[in-house]
Amino acid sequence: QDGLNPLLGAVGIAQLLKVCPSTDTKALAKYAPLLFKAMCKQGLTSRNQLIAIVGTVYTETFPKWTPSKEGDAKDTPRYAPYRGRGLIQLTWKEN
């Protein structure tokens with residue numbers, strides 16, 4: 001299981017790389033367990049939820065799979081105060 005949360009079944013780094021090709025495997029190994037722990041805390045434990053969330057994180061963070069900050073208020077005032085941060089960027093008020 002590569003240290004990933006057992007509630008999500010036998011999903012390891014090798015399986016995640018099928019969903020997230022060309023990603024930074026060290027970052028994936030670091031952040032996937034934290035993401036899975038948060039998912040379990042919220043009751044998000046199905047394979048479909050896992051695939052959807054991992055796919056979204058991959059798309060938002062490609063290729064690094066690390067949290068980021070988007071839309072700094074001084075650089076892009078149109079984002080203020082709704083700037084994205086983390087693995088999934090929720091930048092606008094509508095998000």
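Residues numbered from 1 in each chain as written. Predicted model: local features only at pLDDT ≥ 70, side-chain atom pairs only at ≥ 80, totals over all residues. Heavy atoms only, no water.

Participant: Quick question: what am I supposed to make of the overall build of the protein chain here?
Facilitator: Each helix and strand in the protein chain was counted, giving 3 helices and 2 strands. Walking the protein chain from its N terminus toward its C terminus, one meets helices and strands in the order α-α-α-β-β. Of all 95 residues assigned to the protein chain, the portion counted as buried reaches 33%. Counting only contacts in the protein chain whose residues sit at least 6 apart along the sequence, the fraction spanning at least 24 positions is 44%. Accessible area of the protein chain: about 6100 Å², with a carbon and sulfur share of 55%. (Helix = DSSP H or I, 4+ residues; strand = E, 2+ residues; numbered from the N terminus. Buried < 20%, exposed > 50% of the residue type's maximum accessible area, 1.4 Å probe, protein only. Contact = heavy atoms within 4.5 Å. Areas by Shrake-Rupley, 256 points an atom, 1.4 Å probe, with all protein chains shown as cover.)

Participant: For this particular structure, what's the right way to read the confidence of the model for the protein chain?
Facilitator: Should the pLDDT be low somewhere, the predicted coordinates at that spot are not to be read in detail. Looking at the protein chain as a whole, its pLDDT mean stands at 75, while 65% of the residues score no less than 70. Per-element confidence in the protein chain ranges from a low mean pLDDT of 68 for strand S1 (residues 68-70) to a high of 85 for helix H2 (residues 25-41). (pLDDT = per-residue confidence, 0-100.)

Participant: How should I be thinking about unusual backbone geometry in this particular structure?
Facilitator: Glycine aside, the phi torsion of most residues is negative, and most peptide linkages are trans. Unusually for a residue other than glycine, Ser 22 sits at a positive phi of about 65°. Mapping Ser 22 onto the fold places it in the loop between helix H1 (13-19) and H2. Taking relative accessible area as the criterion, Ser 22 reaches 59% and is therefore assigned exposed.

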